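Residue-level structure breakdown
Okay, here's what each chain looks like letter by letter:
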Amino acid sequence: MPRTVRDVVFVDGVRTPFGKAGPKGIYNGTRADDLVVKAIRELLRRNPDLDPKKIDEVAIAATTQIGDQGLTLGRTAGILAGLPQSVPGYSIDRMCAGALTAVTAVAGGVAFGAYDVALAGGVEHMGRHPMGEGVDPNPRFVSEKLVDESALFMGMTAENLHDRYPTITKLRADEYAVRSQEKAAKAYADGKIQQDLVPISVRNTNEAAGETGWGLVTTDEPMRPGTTLENLAGLKTPFRTHGRVTAGNAAGLNDGATAAIIASEDFARENNLPVKMRLVSYSFAGVEPEVMGYGPIPATEKALAQAGLSIEDIGLFEINEAFAVQVLAFLEHYGIADDDARVNQYGGAIAFGHPLASSGVRLMTQLARQFEEQPHVRYGLTTMCVGFGMGATVIWENPNFNAEGDSK
């Protein structure tokens, strides 16, 4: 019997505050799976009308699926969070776009009718599990010149992207980074970010510094408010001598988790759940791994074509800031100014951090918040580059859209 494709909606999303990876980071003594559990529990607390028995799937992403972020994390985290054992789950790996892919994977199931409602998210504990831990890249990649060796190092791919766009100078990248920090600080000051954060109790294990005991994490650790161009000008360029990529114009190594509720629109409304965004289209694209940061451009072109939209129809952009050059290349391709007010209104990963597989849902929660505040905007997109040469884009519609306003 023919099936009818159903409308898919983003009901709600939360995330932990993001931390700095490493022995001095806030999550040094916290397990990765426990971060996911906290996010899932907060989603259920915030949405009491969602009967946990009705959840059809839990999809959780991690890039380095080992240790406490391995073992079919969607299933194990669901059990640890107290979901009924009848609720299945699985794990996903698409590196930086893990949580984004978790959302699109379950969204396809919802649209097809296999699910009514599902949870999707991601986690990365880069302090416990550095990207690539335990992997063994096939030597053919380099020996047969299938990819350039730089493709294995994300910072080098960002330098390569600078080469492709010689007009994107280090100064432009630094200027963009300063704006990201400024916008993030303002968003915090205006109370825009805290609403979607899950407070996390942590045990401080930095005994060498005399810091032990329990604490409560309520804000993102990587932020550097007050960053200036002068601060950034003197930073080292670790990926190339006299290069352009620094710790100041790129996201750091971070820990954190995200989770979201994805449902059919009919199910959400029948169960008194919020409808924060409506899925329009999504697409993934592959590019040369050496210029990984180019990926959002073809992915966005495909998603726009699927939706029958143009870039001019997009009123809000949430672009993951793995590197400033990656965002600037996207903007330059589409003729959008570096400081366009539609782009990353609350700041981005350069300020908040980028715990790889978790970041996609952070983009979505921030876009959903902006949709609520700006009913004159009809369409927005979330997009990110992906390690080893990919891009991912999801286009969303604002359910609060007021046709009497400016549709841009």
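Counting restarts for each chain: residues are numbered from 1 in the order of the written sequence. In keeping with the predicted nature of the model, local features appear solely for residues at pLDDT of at least 70, side-chain atom pairs appear and are counted solely at 80 or more, and the whole-chain, interface and lining totals rest on all residues. The basis for every side-chain value is the complete set of heavy atoms in the structure, and neither hydrogens nor water enter the calculation.

The name an unreviewed UniProt entry gives the protein chain is Acetyl-CoA acetyltransferase, with Streptomyces roseus as the organism. UniProt positions are given in the numbering used here, feature names are shortened, and annotations may be inferred rather than shown by experiment. Looking at the protein chain in UniProt, the text filed under Sequence similarities (unreviewed entry) is "Belongs to the thiolase-like superfamily. Thiolase family."

A few words on the overall build of the protein chain. Within the protein chain, the regular secondary structure consists of twelve helices and twelve strands. Radius of gyration: C-alpha atoms only; globule rule: 2.2 Å multiplied by the number of residues to the exponent 0.38. A globule of 408 residues ought to have a C-alpha radius of gyration of about 22 Å, and the protein chain, at 20 Å, matches this closely. Principal axes of the C-alpha set define a box for the protein chain whose edges measure 60 × 55 × 50 Å. Burial here depends on accessible area, computed with a 1.4 Å probe over protein chains only, as a share of the maximum for the residue type. Under 20% is buried, over 50% is exposed, and the range in between is partly exposed. Counting over 408 residues, the protein chain shows a buried share of 57%. It only takes one pair of heavy atoms within 4.5 Å for two residues to be counted as in contact. Of the contacts made within the protein chain by residues no fewer than 6 positions apart, 79% connect residues no fewer than 24 positions apart. Of the roughly 16300 Å² of accessible surface on the protein chain, 52% is carried by carbon and sulfur atoms. Strands are runs of DSSP state E lasting at least two residues, helices are runs of H or I lasting at least four, and both sets are numbered from the N terminus onward. All accessible-area figures derive from a Shrake-Rupley calculation using a 1.4 Å probe, and residue coverage is judged against the displayed protein chains alone.

Let us now look at the layout of surface pockets. Unoccupied space between atoms shows up once a probe the size of one water molecule is rolled over them. A volume near 1100 Å³ is recorded for the largest pocket. Taken together, 41 residues form the lining of the largest pocket, with M126, M131, M154, L253 and L356 sitting closest to its centre. Those elements giving two or more residues to the lining of the largest pocket turn out to be α5 (154–164) and α11 (349–352). Residues are sorted three ways: Asp, Glu, Lys and Arg are charged, Ala, Val, Leu, Ile, Met, Phe, Trp, Tyr, Cys and Pro are nonpolar, and all the rest, Gly among them, are polar. Of the residues contributing to the lining of the largest pocket, the split by class is 28 nonpolar, ten polar and three charged. With a 1 Å grid spanning the protein atoms alone, the term cavity applies to any set of points in which a 1.4 Å probe fits but cannot get out, the term pocket to an open set with protein on both sides within 12 Å along at least five of seven lines, and the term lining residue to any residue with an atom within 4 Å of a point. Grid points are joined across faces, edges and corners, and a volume is the space filled by probe spheres set on the points.

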